[in-house]
Amino acid sequence: MSKLFVIGAGPGEPDWVTPKAISAIKASTDLVAYGLYLNLLGDVCQGKTHHDLPLGKEIERARLALNLAASGKTTALISSGDIGIYAMATLVFELLDYQLNGQEQHPEWLNVDIEVIPGVSAMQAGASRAGALLGHDFCTVSLSDLLTPWETIEQRIHSAGQGDFVISFYNPVSKKRDWQLNHARDILLTYRPAETPVLIGRQLTRDDEALTFIQLAQLDSKDVDMFTLVMVGNSESRHIVNGQKNWIYTPRGYSKKLGQSSYADRENSPTQYGVVTE
């Protein structure tokens, strides 16, 4: 059967690419991706046929990958981060859905064996670099209104604020969009304190990675670009400093146990008190 791997290649650091993703790339003859993603992967892509389509050609990339796989070539469609989060996997299945509903004329696509291989997402990379920002309930919101009406995005920001979620903002700004992030900030300031910790992570895990720790009231779109992830803590998130090292973590509620004098004893005597689980 024809094979299409739909692969998340992680945020950029080669060591963060999963062994499963590496195996799938090695098994493929043809790689479809934005060229930067193939460059970041390095030597594992050597000896493969590269199909480099620029940003803005996502539909063409998905179609090409399906066509190559349907023709009998073991193909890998590759995105950075997790390919199932704001990336190409959903487009592959949307095209298949269109085929099943008669809106596409590619019945050969239905014979392709598709395997989705997740990768480390930008928000996971950012949270780990900062400490434990995703320690409690969280959500993601894309601020790009190219495909989603701004009214819908705005409603989701309000809902995230009301629910007190840690929020990861994807696509915070672009050359043509520079106002949405500041508007999102103003919405969140109606739900949580001005000093709420914020992480600005640029080029996460790559050679020119830059982490900036600020407060919500200081968030400004002029300090952010299209290579940046913005993560806003919830009302309980804490920014702590140890010498030159900054950390942000979001408590999960263990303070109730930590405040009990017998907590340490229970931790040290699991056979007597029962193993402490998450």
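Fair warning: this is a prediction, and the values are worked out from it, not measured in the lab. (Residues numbered from 1 in each chain as written. Predicted model: local features only at pLDDT ≥ 70, side-chain atom pairs only at ≥ 80, totals over all residues. Heavy atoms only, no water.)

## Regarding the sheet that holds strand β13 (residues 245-249)
Adjacent strands of a sheet form backbone hydrogen bonds with each other and so pair up, either parallel or antiparallel. What counts is decided by this rule: DSSP bridges decide pairing: two strands pair if at least two such bridges lie between them. Helix and strand assignments come from DSSP, with helices taken as H or I runs of at least 4 residues and strands as E runs of at least 2, each series counted from the N terminus.
An order of β6-β13-β12 is seen for the 3 strands of this open sheet, with the pairing classed as mixed. Unpaired on one side and paired on the other, β6 (131-132) and β12 (238-242) mark the two borders of the sheet. Relative to β13, β6 runs parallel, the two sharing 2 bridges. Counted as the bridge partner of Ala-132 is Tyr-249 from β13.

## Thoughts on the pairing of strand β3 (residues 49-52)
Our working rule: Look down the strands so they point away from you; if the path from the first strand over the helix to the second goes clockwise, the crossover is right-handed.
As paired strands, strand β2 (residues 30-33) and β3 are joined by 4 bridges and run parallel to one another. Across the sheet, the residue bridging to Ala-33 is Asp-52, located in β3. The handedness of the β2 to β3 crossover, carried by helix α2 (residues 35-41), is right-handed.

## Some words on helix α4 (residues 89-100)
Put simply, the rule is: What a helix should span is 1.5 Å times the count of its residues minus one. Contact between two residues is taken to exist if any of their heavy atoms lie within 4.5 Å; hydrogens are not considered.
Between the first and last C-alpha of α4 there are 17 Å, a value that for 12 residues agrees with the 16 Å anticipated at 1.5 Å per step. Buried-residue contacts for α4 involve β1 (2-8), α3 (58-70), β4 (75-79) and β5 (112-117). Phi turns positive one or two residues past the end of α4, at Gly-102, with a value near 80 degrees.

## Notes on the pattern of salt bridges
For side chains of opposite charge, pairing can occur when their charged atoms come near one another. We apply this condition: Any Lys or Arg side-chain nitrogen found within 4 Å of a carboxyl oxygen on Asp or Glu counts as a salt bridge.
Tallied over the entire structure, the rule returns 11 salt bridges. For the salt bridge of Arg-185 with Asp-186, the shortest nitrogen-to-oxygen distance reads 3.0 Å. Note that Asp-225 and Arg-202 form a salt bridge whose closest N and O atoms lie 2.6 Å from each other. With a gap of 23 residues between them, Asp-225 in the loop between β10 (210-215) and β11 (228-232) and Arg-202 in strand β9 (residues 197-202) connect regions that are remote in the sequence.

## Structural notes on the packing of helix α6 (residues 150-162) against helix α7 (residues 180-188)
In helix packing, the relevant descriptors are the interaxial angle and the interaxial distance, both defined with respect to the helix axes. For the record, the criterion: Axis definition: a line fitted to C-alpha atoms, over the contacting stretch in the case of helices. Angles run 0 to 180 degrees between N-to-C directions. Note on convention: near helix rotated counterclockwise from far helix by under a right angle means a left-handed crossing. Clockwise means right-handed. Put simply, Ala, Val, Leu, Ile, Met, Phe, Trp, Tyr, Cys and Pro go in the nonpolar bin, Asp, Glu, Lys and Arg in the charged bin, and everything else, Gly too, in the polar bin.
Contact geometry for α6 and α7: axes closest at 9 Å, N-to-C directions at 35 degrees. Here α6 runs over α7; the crossing is right-handed. Contacts between α6 and α7 involve Trp-150, Glu-154, Ile-157, His-158 and Gly-161 from the former and Gln-180, His-183, Ala-184, Ile-187 and Leu-188 from the latter. Taken together, the residues that form the contact of α6 with α7 break down as 5 nonpolar, 4 polar and 1 charged.

## Description of the sheet that holds strand β7 (residues 138-142)
The sheet built from 5 strands is open, its strands ordered β7-β8-β11-β9-β10 with mixed pairing. Both outer strands of the open sheet, β7 and β10, are each paired with one neighbouring strand and no more. Averaged over all adjacent pairs, the angle separating strand axes in this sheet is 20 degrees, with direction ignored. The pairing of β9 with β10 spans 6 bridges and is classified as antiparallel. Bridging across to β10, Leu-199 finds its partner in Phe-213. Sitting on the sheet, helix α5 (residues 122-130) touches β7, β8 (166-170), β9, β10 and β11, and the angle it makes with β11 is about 65 degrees. Taken strand by strand, α7 contacts β8 and β11, and its axis lies near 170 degrees from that of β8.

## Overview of a nonpolar patch on the surface
Here is the rule we go by: Surface patches are drawn from residues lacking salt bridges whose relative accessible area is over 30%; two like charges belong together within 9 Å, two nonpolar side chains (Val, Leu, Ile, Met, Phe, Trp, Tyr) within 5 Å. For every accessible area listed, the method is Shrake-Rupley and the probe measures 1.4 Å; residues are considered covered only by the protein chains on display.
A cluster of nonpolar side chains, contributed by Leu-55, Met-226 and Phe-227, occupies part of the molecular surface with about 290 Å² of accessible area. Relative to the elements of secondary structure, Phe-227 occurs in the loop between β10 and β11.

## Regarding the confidence of the model for the protein
Spelled out, the test is: Predictor confidence is given residue by residue as pLDDT, running from a minimum of 0 to a maximum of 100.
Summarising the model, the protein shows a mean pLDDT of 91, and 93% of its residues fall at 70 or more. A low-confidence stretch, residues 261-278 (pLDDT under 50), is modelled with 12 contacts involving residues beyond four sequence positions or located in other chains.

## Brief notes about the packing of α3 against α4
Filter applied, for reference: By definition in this entry, angles of less than 35 degrees are roughly parallel, angles greater than 145 are roughly antiparallel, angles of 65 to 115 are roughly perpendicular, and the rest are oblique.
Interhelical geometry of α3 versus α4 gives an angle of 70 degrees and a closest axis separation of 9 Å. One finds that α3 runs roughly perpendicular with respect to α4. At the point where α3 passes α4, the crossing takes the right-handed sense. Note on element contacts: α4 touches α3 through Leu-91, Val-92, Leu-95 and Leu-96, opposite Glu-58, Ile-59, Ala-62, Arg-63 and Leu-66.

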